Amino acid sequence: MPMRCPPLPWTSSRFGAYLLSPAKLMRCNEGAVQHQLLLDKSAPGHLFPVLDSLNQLGICAWQVNQPILDLIVSIFNDKGSDKLDIPPPLSEAPVVPVQTPGELSSWDKLSFQKEQSRCRKKAAEMYSLRMDALYKLSIANHLRDQIFWFPHNMDFRGRTYPCPPYFNHLGSDVTRALLLFAEGRPLGPNGLDWLKIHLINLTGLKKRGSLQERKQYADEIMDDIMDSADRPLTGRKWWMEADEPWQTLACCMEVTRASRSADPTKYISHFPVHQDGSCNGLQHYAALGRDEIGARSVNLMPCETPQDVYSGVAQQVEEFRKIDAKKGIKVAQVLDGFIGRKVVKQTVMTVVYGVTRYGGRLQIEKRLREMDSFPQKYVWEASHYLVQQVFNSLKEMFSGTRSIQHWLTESARMISKSGNTVEWVTPLELPIIQPYHRSSNVTFQSSLQMVYLANKSDANE
C-alpha cells in the first residue's frame, strides 16, 4: 500500500522505505543473491547518490483527484465501459452456449466447442480485469481524503519504481488520472500554457506540431475543453476520443478552473505535467555514437517542430515499399496504404532493447491483424516483409546505433565465454550485474517417474 507518512530515507542497501515491512533496495529473482552481495561490497558512501535519488522520489506527497474518482466509480458501478477502459461486470460476459439435443456433425461439434471455450476465456478475462480495477479503485477510495507517499526502490539495472504495485503514478490512464500532487504551486506566467500543451499531448492530436501550435490548438477548442469539464457524461464528450481519455478529462477540469480564476498566474495547481523522452533507447544510442542524423530524429538537436522517429521510420519503409511495388513484388503492392506510425512503433521502440527479427515480426503481425480492412491471408508474408524493411530503415537512419549494439553484444559474448558475468558501474556509482544464466536441466528419478526441472536462478551461480 502507499504510505500515510513520508517513507524512511534509504541510508544503506538494507534499510529504508517502509516503517514495519522489510523492502529490498534492488529487486531481483527469487533465490538470486549476486545483486545484494555486490551492493554489500560497495564502499560506504558510493551508493549515496543513488539512495538520494530514491529518497527524492519517495518524499513527493500525493493526493486523490476526487471528482475524477467519483466519475470513474459511477461508471464502474453502472456496467463499466470498454471504450473508457473501465471493465464491465460478469453480467455483460457472453453467454456460454448450451448444446442442443440431437445428432451433430463433427464440424458442428468442433464449432460448438470452440465457441464454448471462447466464451469461457472471455468471462475469465473480464473477471480478472474487473477485480483488478475494483482493487485499484478501493485503494483510491480508501485514501480519498488522505495525503500519501510512494516509497521507491529499483530493479537490477537501476531503473526506479514505486514499491506499492497496484496503485501508483506509473499505472494505466485510469490510475494516473486519479493522482495529484499534495503540494500545490502557483502557475506563474507560463503555467497555464504548459497545462494546455500537456492537454493536447494527452489527446495524441498534433503529434508533429510545434509546442506553439499545440497551445494555439488548445485555445481554438476551448469550448470543447470547458464543455468536457462542466458536463463530462452529458455534454459533447470530446475528451472520450483522446488517446488517454481520463487524464485528458482531468486536465480539461484543471485548465477550466485555472482559466476561470481571477488571476491564472496566481492559481494554485496540483496537476502533474509529464515530460517524456522521444524513444529513449534510441536517444541514448544517438548520444553515445554522436550520431547527428539519428539525434535529430529523436529530438536531441534543435529543431523548429518536434520530430517523431516512428513516423520517420514509417516514411522510410513506405519509400522501400514503393520501389518494391514497381518491381512487381506482390506483398509490397498489397501493403499500399497500410504502413503507418502505429504499425512500426512497437518494433522501433524495442529494437534498442534487443528485439530479434522473429519478435519484431510477431509485433507487426499483431498490428496487421487489428486492421479490419487488411486482407488477412497476407498477414504472415506482410509482417515478414515489413520487419526486414524496418530493420533496413533503422540501419540507414541510425548508422551508429547498430554498430554500438553489435559491439556490446560481442563484448558480452566474450565476457561470458571467459566464464565471467557481465558487470559494470553506472555514473552514479551503482554496481550492476547481468542476472542472465543458461538454464541447466536437473533430473530427479524415483521408482514411479522421472521429473525434469529447469534450474535458472541457483543462489550459488
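Cut-offs applied
- Residues numbered from 1 in each chain as written.
- Predicted model: local features only at pLDDT ≥ 70, side-chain atom pairs only at ≥ 80, totals over all residues.
- Heavy atoms only, no water.
- Pairing = 2+ DSSP bridges.
- Helix = DSSP H or I, 4+ residues; strand = E, 2+ residues; numbered from the N terminus.
- Buried < 20%, exposed > 50% of the residue type's maximum accessible area, 1.4 Å probe, protein only.
- Contact = heavy atoms within 4.5 Å.
- Core = buried A, V, L, I, M, F, W, Y, C linked by side-chain atoms within 4.5 Å.

A. Spotlight on the pairing of strand 1 (residues 8–12). Relative to strand 2 (residues 15–17), strand 1 runs antiparallel, the two being bridged by two bridges. By the bridge assignment for strand 2, Leu8 is matched with Ala17. The turn linking strand 1 back onto strand 2 is made up of two residues.

B. Region of interest: the side chain of Asn168. With respect to the helices and strands, Asn168 occurs in the loop between strand 6 (160–162) and helix 5 (173–177). Relative accessible area serves as the criterion here: at 8%, Asn168 is assigned to the buried category. Apart from the residues within four sequence positions on either side, Asn168 is in contact with Phe150, Pro162, Thr175 and Leu179.

C. The nonpolar core, seen in detail. Among the nonpolar cores identified, the biggest contains 48 residues, and Ile68, Leu178, Ile225 and Trp246 are the most heavily contacted of them. The leading source of residues in this core is helix 9 (residues 245–260), at eight residues. Counting residues in each nonpolar core, the second largest holds 39 residues, with Tyr285, Ile339, Leu394 and Met397 among its members.

D. Spatial organisation of the environment of Leu178. Among the secondary structure elements, Leu178 is positioned in the loop between helix 5 and strand 7 (179–181). By relative accessible area, which is 2% here, Leu178 ends up buried. In this structure, the C-alpha to C-alpha distance between Leu178 and Ala123, residues 55 residues apart in sequence, is 27 Å. Not counting residues within four places of it along the chain, the set of residues in contact with Leu178 comprises Gln63, Val64, Asn65, Ile68, Leu69, Ile72, Leu137, Ala140 and Phe167.

Just geometry here; none of it tells us what the structure is for.
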